[in-house]
Amino acid sequence: MRKLVLCLLLIALARSNAQVAGVDHDVLSQIPQRIKAFIDQQTVAGAVTLVAHGNDTVEFDATGMADIEAGRPMQKDTIFQIMSITKPVTAIGIMMLAEQGKLALRDPVEQYLPEFHDLRVATTSGPDAARLAIPNHAITIRDLLTHTAGIQDSAPPAIHEYRQTMSVPLDEVVRELAKQPLLFQPGTQWSYSSAGIEILGRIIEVCSGEKYVDFITGHILRPLGMKDSFFYPPADKIGRIAMVYAQKDGKLVRAPATILGGDPAKYRQGSVFPAPGWGLYSTAEDLLHLYRMMLNDGVYQGHRYLSPFSVHVMTESQTPGIHPVGWMRGSEYGLAWEVVTEPLGELAGHTKGTYGHGGAFGTQGWIDPNNSLISILLIQRSNGGAESMTNVFLNMAESSVVK
């Protein structure tokens, strides 16, 4: 009788095991094989996936190759160029300085960077197309954070290759950006601008008295234990960095030197431009630390990095009434975070209030505070084409949550 009871208990445990900790492990266990199918189709060379629910990491896997030519397989601690996932990190730096009273979000940019004092707005149509207008208000730090300042994203003519050579210092880049007319009247439209975030990086320098890289490293990366996150690869970590690939004629080839950051095989050797909008290298584990801080209202492992107010302001919509906004339907922009404002934002499974960011090489990181869910996908594909893979992963991560 006791054996029968024990057997029944074991059967019940096996049946319920798929839903331990509020997630369906049957769904999560299928993520690696789905990712492998995309790798087999040469959509990407390899991928790292991580799903966390509450305090638990419920899915963490590395599949495929980090470097095809070198025969180096993908590992859980492989390092990626996370590209525009850097933007929220820069924004966190801005919010830290705001909490210290060193700046205010509605301050004019020209208050800290005088070169922006005489900005003009391009007139794009009608008989006055060749004339420049005066801005209806001076662009603010908030305008930059929400991509509503009208800053052109294209490189200024005088430094047209700076994002590939990374040989121009941040202060010089920003001075050149200040010479370009705005695309529209500030606060009236949304236009994604890495250049605008570069300006924020320079504001961090002016307000903190530290170099941008030193501030971000010393106040965010190092304290959070993000030990494999950096802007310029140290020699001892190059062997763990994933190569960037593009698809050509149905096959993966190494990405060319024309991509952001230049030749990926040179690992930015000799670079001086930190790229506050897209310059970070990182790992899935390091990003998990950052996202858990955000999910926990600014606290990670007992240390407060941001106030609950700052987290709230960053992750609520700051662009109501402006359309279109963001990269997917059903979303708007907070302060450097894309925020889902309509349930199931474009059917990715995101609930209302989910926020996150993607990167130019296919990296994705999303936080669903309603379900205490963190979803991270790291790949290195420079010319797009991985959207279906991204949607499959995010949908599976979100649908794993059980009430």
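Every chain is numbered on its own, with residues counted from 1 as its sequence reads. Totals for whole chains, interfaces and linings use all residues, but because this is a predicted model, local features are given only for residues with pLDDT of at least 70 and pairs of side-chain atoms are given and counted only at 80 or more. Only hydrogens and water are set aside; all other atoms, that is, all heavy atoms of the structure, feed into the side-chain values.

## Focus on the overall build of the protein chain
For step 1, the next point in the chain: Per the secondary structure count, the protein chain includes 12 helices and 16 strands.
For step 2, the next point in the chain: Relative to the compact-globule value of 22 Å for 403 residues, the protein chain shows a C-alpha radius of gyration of 22 Å, a close match.
For step 3, the next point in the chain: Over its C-alpha atoms, taken along the principal directions, the protein chain stretches across nearly 90 × 45 × 45 Å.
For step 4, the next point in the chain: Here's how the labels work: a residue is buried when its accessible area is under 20% of the maximum for its type, exposed when over 50%, partly exposed in between, all with a 1.4 Å probe on protein chains only. Across the 403 residues of the protein chain, 55% fall into the buried class.
For step 5, the next point in the chain: Taking the contacts inside the protein chain whose residues are at least 6 apart along the sequence as the reference set, 66% of them involve residues at least 24 apart.
For step 6, the next point in the chain: As displayed, the protein chain offers around 17,300 Å² of accessible surface, 53% of which is attributable to carbon and sulfur atoms. Going along the chain from the N terminus, every DSSP run of H or I of four or more residues is numbered as a helix, and every run of E of two or more is numbered as a strand. For the radius of gyration, the atom set is restricted to C-alpha positions; the globular benchmark scales as 2.2 Å times the number of residues to the power 0.38. Whether two residues are in contact is decided by their heavy atoms, any of which lying within 4.5 Å being enough. Under the convention used here, a 1.4 Å probe and the Shrake-Rupley method define accessible areas, while residue burial counts only the protein chains that appear.

## Here we look at helix 9 (residues 212–221)
For step 1, the next point in the chain: By the burial criterion, the buried members of helix 9 are Tyr 212, Val 213, Phe 215, Ile 216, Ile 220 and Leu 221. All buried residues of helix 9 project into a common sector of 160 degrees when viewed along the axis, lining one side.
For step 2, the next point in the chain: Here the buried face of helix 9 lies against helix 4 (86–99), helix 7 (170–177), helix 8 (194–208) and helix 10 (284–295). Note that the arc is computed from the directions linking the helix axis to the C-beta atoms.

## Describing the layout of surface pockets
For step 1, the next point in the chain: In this analysis, the protein atoms alone were mapped onto a 1 Å grid. Cavities are point sets where a 1.4 Å probe fits without being able to get out; pockets are open sets with protein on both sides within 12 Å along at least five of seven lines; lining residues have an atom within 4 Å of a point. Grid points are joined across faces, edges and corners, and a volume is the space filled by probe spheres set on the points. Of the volumes computed, that of the second largest pocket is approximately 180 Å³.
For step 2, the next point in the chain: Around the second largest pocket sit Gly 54, Asn 55, Arg 292, Leu 295, Asn 296, Val 299, Tyr 300 and Ser 372, which together line it.
For step 3, the next point in the chain: Of all the secondary-structure elements, those providing two or more residues to the lining of the second largest pocket are helix 10 and strand 10 (299–300).
For step 4, the next point in the chain: Basically, the charged four are Asp, Glu, Lys and Arg, the nonpolar ten are Ala, Val, Leu, Ile, Met, Phe, Trp, Tyr, Cys and Pro, and anything else, Gly included, counts as polar. Broken down by class, the residue content of the lining of the second largest pocket amounts to 3 nonpolar, 4 polar and 1 charged.

## Examining the pattern of salt bridges
For step 1, the next point in the chain: Just to be clear on terms, a salt bridge is a Lys or Arg side-chain nitrogen sitting within 4 Å of an Asp or Glu carboxyl oxygen. Per the stated rule, a full pass over the model turns up 13 salt bridges.
For step 2, the next point in the chain: Arg 254 is the salt-bridge partner of Asp 67, the closest N and O atoms lying 3.2 Å from each other. Of this pair, Asp 67 sits in strand 2 (residues 56–67) while Arg 254 sits in strand 8 (residues 251–254); the two residues are 187 residues apart in sequence, bridging distant segments of the chain.
For step 3, the next point in the chain: Overall, the relative accessible area of 3% leaves Asp 67 in the buried class.

## Topic: empty space enclosed by the protein
For step 1, the next point in the chain: For the structure on display, the rule yields 2 cavities of 30 Å³ or more.
For step 2, the next point in the chain: When its volume is computed, the largest cavity comes out at roughly 50 Å³.
For step 3, the next point in the chain: Among the residues making up the lining of the largest cavity, the classes are represented as 10 nonpolar, 2 polar and no charged.
For step 4, the next point in the chain: Put simply, the second largest cavity is a space of about 30 Å³.
For step 5, the next point in the chain: Taken together, Leu 144, His 147, Ala 149, Gly 150, Ile 151, Ser 191, Ser 193 and Gly 196 form the lining of the second largest cavity.
For step 6, the next point in the chain: Among the residues making up the lining of the second largest cavity, the classes are represented as 3 nonpolar, 5 polar and no charged.

## Structural notes on the sheet that holds strand 12 (residues 331–333)
For step 1, the next point in the chain: Strands are labelled as partners when DSSP assigns at least two bridges between them. What the 8 strands build is an open sheet, ordered 3-2-1-16-15-14-13-12; its pairing is antiparallel. The open sheet terminates on both sides in strands that have one partner only, identified here as strand 3 (72–73) and strand 12.
For step 2, the next point in the chain: With 3 bridges joining them, strand 12 and strand 13 (residues 338–340) adopt antiparallel strand pairing. Residue pairing in the sheet places Glu 332 in a bridge with Val 339 of strand 13.

## Some remarks on the pairing of strand 15 (residues 364–368)
A regular strand places its side chains on the two faces of the sheet in alternate fashion.
For step 1, the next point in the chain: Where burial is concerned, most of strand 15 is hidden: 5 out of the 5 residues are buried.
For step 2, the next point in the chain: Of the two faces of strand 15, the one holding Gln 364, Trp 366 and Asp 368 and the one holding Gly 365 and Ile 367 are both buried throughout.
For step 3, the next point in the chain: For strand 14 (residues 355–358) and strand 15, the ladder comprises 4 bridges, and the chain directions are antiparallel. Looking at the pairing, Gly 358 lines up with Gln 364 of strand 15.
For step 4, the next point in the chain: Here strand 14 folds back onto strand 15, and the loop between the two strands holds 5 residues, one of which, Gly 362, carries a positive phi near 95 degrees.
For step 5, the next point in the chain: A loop of 4 residues connects strand 15 with strand 16 (residues 373–378), the two strands running antiparallel in sequence, and Ser 372 in this loop sits at a positive phi of about 50 degrees.

## A few points about the packing of helix 8 against helix 9
Packed helices, taken two at a time, are described by the angle between their axes plus the distance between the axes.
For step 1, the next point in the chain: Remark: helix 8 packs on helix 9, axes separated minimally by 8 Å, with the N-to-C direction vectors making an angle of 80 degrees. Accordingly, the angle class assigned to the pair helix 8 and helix 9 is roughly perpendicular. Along the contact surface, helix 8 presents Gly 201, Ile 204, Glu 205 and Ser 208, while helix 9 presents Tyr 212, Phe 215 and Ile 216.
For step 2, the next point in the chain: Its residues placed into classes, the contact of helix 8 with helix 9 shows 4 nonpolar, 2 polar and 1 charged. Throughout, an axis means a line fitted to C-alpha atoms (over the contacting stretch in the case of helices), and angles, computed between N-to-C directions, take values from 0 to 180 degrees. Under this scheme an angle from 65 to 115 degrees is roughly perpendicular, one under 35 degrees roughly parallel, and one over 145 degrees roughly antiparallel; angles in between are oblique.

## Some remarks on the packing of aromatic side chains
For step 1, the next point in the chain: Only rings of Phe, Tyr and Trp enter the pairing, Trp through its six-membered ring, and a pair is recorded when the two centres are within 6.5 Å. The plane angle decides the type: under 30 degrees is stacked, over 60 is edge-to-face, the rest tilted. One pass over the structure, following the stated rule, counts 10 aromatic pairs.
For step 2, the next point in the chain: What links up through ring pairs into an aromatic cluster is the set Trp 190, Tyr 192, Trp 327 and Tyr 333.

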